[in-house]
Amino acid sequence: MTGFGERVRAAMDEHGPLCVGIDPHAALLADWGLPGSAAGAREFGLRTVEAAADRVGLVKPQVAFFEQYGSAGIAALEDVLGAARDAGLLVIADAKRGDIGSTMAGYAQAWLAPGSPLEADALTVSPYLGPDSLDATAALAKQHGKGLFVLCATSNPEATPLQSGAVGDQTVGRFVAERIAALDTRESGSWGDLGLVVGATVRLDVLGLGQGFVATAPILAPGFGAQGARPEDLERIFADLAPFVIASESRSILSAGPDRIAEVITARAELYTRSHGRTPDAARG
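Caption draft 1: Seen up close, the pattern of salt bridges. On inspection of all chains with the given rule, the structure shows 21 salt bridges. Linking Asp121 and Arg7 is a salt bridge whose minimum nitrogen-to-oxygen distance equals 3.1 Å. Taken together, the positions of Asp121 in the loop between helix H6 (101-112) and strand E4 (122-125) and Arg7 in helix H1 (residues 4-15) put the pair 114 residues apart, joining distant regions of the chain. According to the relative accessible area criterion, Arg7 is partly exposed, its value standing at 25%. The salt bridge partner of Glu249 is Arg268, with a shortest N-O separation of 2.8 Å. Note that Glu249 is positioned in strand E10 (residues 245-249) and Arg268 in helix H12 (residues 261-275), a separation of 19 residues in sequence. Several salt bridges share partner residues, and in doing so they unite Arg7, Arg85, Glu119, Asp121 and Lys146 into one network.

Structure, rendered in C-alpha cells:
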C-alpha cells in the first residue's frame, strides 16, 4: 500500500503544487447563481471537482461550509468527496478536528476509515489539546495509507502569539512539528504521511521553522491567492522546504465563476509549475 505522502509526491510531480479549495460560502454561491442551501453547496462542489480533475492533483473541501446546512449539507459533502476521489483527485478534508481519547478516535474513523461515507485521503487536525492526543489518529491514518495535516503555523495573524510561544527552548510551532515528525515512521528517502499546515504569509523564523528545520512530509500552505502570496513567491518564502509545499488557493480561483473556473485553474497551475521549472501534462490542457 502506497502511503499518503508518496501519493502526494506523485501528484505534485505530475500536476504541480496547486491545491484547489472547495469553499461554497454564501457570497460565492450567489455569484455562481446557486441557492444558499445544501443543494447549492453540492452543485458548487461537484462543478469545482469537474473543473479540477486532470488539471491539479489535490482539492480541499472546507467542511464548515457544508456542515452549516445540517444533515443535508453533510450528505452533499459526502457526494463531493466521493466524486473527487472517483476523479482521481487526492482529497484533503479541511475539518480541523482536535480532541482526546475516544472522541478523536471517532473523528478519525469518520474521515479516514476506508468505506466511511466521509472518507477522505487526509484530514486537517489541531494539536492544541496536546500533540499526544493525535497519536491514535496518526496510527489509524498510516494503517490505511491516509494522511494528516497538523495545524502548526497558520496564516491567521491572531495565532502568532500562541504558535511563537515557548515550550522549553523551542517555539510551540517547532515543538508541534518535531513531535509529529517523531510519529511519522517512513522508509529512508520517502515522504511521510503526517504533514503540517504552514501558512504562506507567516514569518517562518519567528515560528521556529526557518533555518535548521527539515521537512519530511507534505506541507499544506494556505495564504496563496486572495491572502496575498503569489505562485512566484513560493520558493522565496519556503526556501529549502519549497519542494514539499502544497499551495492552497480558494477564493482567487472560485471567484472566476462556473464558466471560467477550469480556465483559471489551468492558468494558476501553469504559474506554479513554471516557478518550479516543470511543465506537467495537466498544465498543458
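Caption draft 2: Expanded view of unusual backbone geometry. Of note, Lys96 is a non-glycine position whose phi angle comes to about 50°, a positive value. Structurally, Lys96 can be placed in strand E3 (residues 90-97). With a phi angle near 50°, Ala239 is a residue other than glycine that sits in the positive phi range. Mapped onto the secondary structure, Ala239 falls in the loop between helix H10 (234-238) and E10. Exposure remark for Ala239: the relative accessible area of 46% places this residue in the partly exposed category.

Caption draft 3: Fine view of the packing of helix H3 (residues 38-52) against H12. Packing of H3 against H12 brings their axes to within 9 Å, and their N-to-C directions diverge by 45°. In terms of their interaxial angle, H3 and H12 are classed as oblique. Handedness of the crossing formed by H3 with H12: right-handed. Listed contacts from H12 to Thr48, Ala51 and Ala52 of H3 are Ile261, Ala262 and Ile265. Each residue belonging to the contact of H3 with H12 can be placed in one class, and the counts come to 5 nonpolar, 1 polar and no charged.

Caption draft 4: Just the packing of aromatic side chains, in detail. Overall, the coordinates contain 4 aromatic pairs when judged by the stated rule. Ring centres of Phe4 and Phe149 lie 5.8 Å apart, and the angle between their planes is 80°; this geometry places the pair in the edge-to-face category. On the criterion of sequence distance, the pair formed by Phe4 in helix H1 and Phe149 in strand E5 (residues 147-153) is long-range, its members being 145 residues apart. Overall, the relative accessible area of 0% leaves Phe4 in the buried class. For Phe149, a relative accessible area of 0% translates into the label buried. Pairing Phe224 with Tyr272 gives two aromatic rings, centres 5.8 Å apart and planes at 75°, and the pair type is edge-to-face. Remark: Tyr272 occurs in helix H12 and Phe224 occurs in the loop between strand E9 (219-221) and H10; sequence separation between them is 48 residues. A residue is classified by how much of its surface remains accessible, and Phe224, at 3% relative accessible area, is buried.

Thresholds, definitions, all that
- Residues numbered from 1 in each chain as written.
- Predicted model: local features only at pLDDT ≥ 70, side-chain atom pairs only at ≥ 80, totals over all residues.
- Heavy atoms only, no water.
- Salt bridge = Lys/Arg side-chain N within 4 Å of Asp/Glu carboxyl O.
- Helix = DSSP H or I, 4+ residues; strand = E, 2+ residues; numbered from the N terminus.
- Buried < 20%, exposed > 50% of the residue type's maximum accessible area, 1.4 Å probe, protein only.
- Axes fitted to C-alpha atoms, helices over the stretch in contact; angles between N-to-C directions.
- Parallel < 35°, antiparallel > 145°, perpendicular 65-115°, else oblique.
- Left-handed = near helix turned anticlockwise from the far one by under 90°.
- Contact = heavy atoms within 4.5 Å.
- Nonpolar A, V, L, I, M, F, W, Y, C, P; charged D, E, K, R; others polar.
- Phe/Tyr/Trp six-rings, centres within 6.5 Å; stacked < 30°, edge-to-face > 60°.

Honestly, it's all geometry; don't read function into it.
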